[in-house]
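# An overview of the molecular structure
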Amino acid sequence: MINRRTAAGAALLAACLFATACTGEPATKDSATKESAIPEKFPATGDRAEMKANAKALRDYGKTHSLSKVTGDVERIQDGAAGGGHALISTNIGAEDEAMARAQQVADAYRDYAGGAGKPAKASTVTVYNVFGDPLVTQRLGKK
């Protein structure tokens, strides 16, 4: 008798736990979009002057650290403060075969730039976009 009651109680408990887990609020498209916050295209909005100034600062960093060939592709940067924790970099990289490798080099240069000089990073990730506004590389800004 006790075995039947224990088995019935365990089955009832398992059913309640399953029902509770399954009745949680379903994720909506809006909530998933808010969590990601990495746009599918480089944003057309924002302070263009500030984004160009951020890009110039990275290009200047590239000149002083022998990375000017890499950072020369950078056109605009929306830093992490404006990009919701993500730095977004617009480049003049086209659709050539080595586009991904070039984008990875830009992301690496930005990681070094953002983590240097003891300044706090405004972003946790960086996404590099091509000339068409399409994302090529997303990378965490932690250590390599």
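Above this text sits the structure in question.
The secondary structure content of the protein chain amounts to 5 helices and 4 strands. As presented, the protein chain carries roughly 9,400 Å² of accessible surface, and 58% of it is formed by carbon and sulfur atoms.

Helix length check: helix α5 (residues 99-115) (17 residues) gives 24 Å between terminal C-alpha atoms against 24 Å at 1.5 Å per residue, within 8%. Buried residues along α5 sit in contact with α3 (48-64), α4 (68-71), β1 (74-78), β2 (86-91), β3 (125-129) and β4 (135-140).

Another point: the packing of aromatic side chains. As enumerated under the stated definition, the model contains 3 aromatic pairs in all. Summarising the aromatic geometry, the rings of Phe 42 and Tyr 129 are spaced 5.5 Å apart at their centres and angled 75° between planes, so their arrangement reads as edge-to-face. Of this pair, Phe 42 sits in the loop between α2 (29-36) and α3 while Tyr 129 is found in strand β3, placing the two residues 87 residues apart along the sequence. Considering the side-chain rings of Tyr 61 and Tyr 113, the 5.3 Å spacing of their centres and the 65° angle between planes classify their relative orientation as edge-to-face. Of this pair, Tyr 61 sits in helix α3 while Tyr 113 sits in helix α5; the two residues are 52 residues apart in sequence, bridging distant segments of the chain. Here Tyr 61 falls in the buried class, since its relative accessible area comes to 18%. By the ring-pair criterion, three or more aromatic residues cluster together here, those being Tyr 61, Tyr 110 and Tyr 113.

With that settled, consider the nonpolar core. Note that soluble globular proteins tend to have their nonpolar side chains buried in a common cluster. In terms of nonpolar packing, the biggest core is built from 23 residues, with Leu 58, Val 74, Ile 77, Ile 89, Val 106, Tyr 110 and Val 126 touching the most fellow members. Looking at this core element by element, the count peaks at 8 residues for α5. If sequence neighbours within four positions are ignored, Ile 89 has contacts with Phe 42, Val 74, Arg 76, Ile 77, Val 106, Tyr 110, Val 126, Thr 127, Val 128 and Tyr 129.

All right, on to unusual backbone geometry then. Positioned with a positive phi, Ser 66 is a non-glycine residue whose angle comes to about 55°. With respect to the secondary-structure elements, Ser 66 resides in the loop between α3 and α4. In this structure Ser 66 comes out as exposed when scored by relative accessible area, which is 71%.

Rules behind the numbers
Residues numbered from 1 in each chain as written. Predicted model: local features only at pLDDT ≥ 70, side-chain atom pairs only at ≥ 80, totals over all residues. Heavy atoms only, no water. Helix = DSSP H or I, 4+ residues; strand = E, 2+ residues; numbered from the N terminus. Areas by Shrake-Rupley, 256 points an atom, 1.4 Å probe, with all protein chains shown as cover. Expected span 1.5 Å × (residues − 1). Contact = heavy atoms within 4.5 Å. Phe/Tyr/Trp six-rings, centres within 6.5 Å; stacked < 30°, edge-to-face > 60°. Buried < 20%, exposed > 50% of the residue type's maximum accessible area, 1.4 Å probe, protein only. Core = buried A, V, L, I, M, F, W, Y, C linked by side-chain atoms within 4.5 Å.

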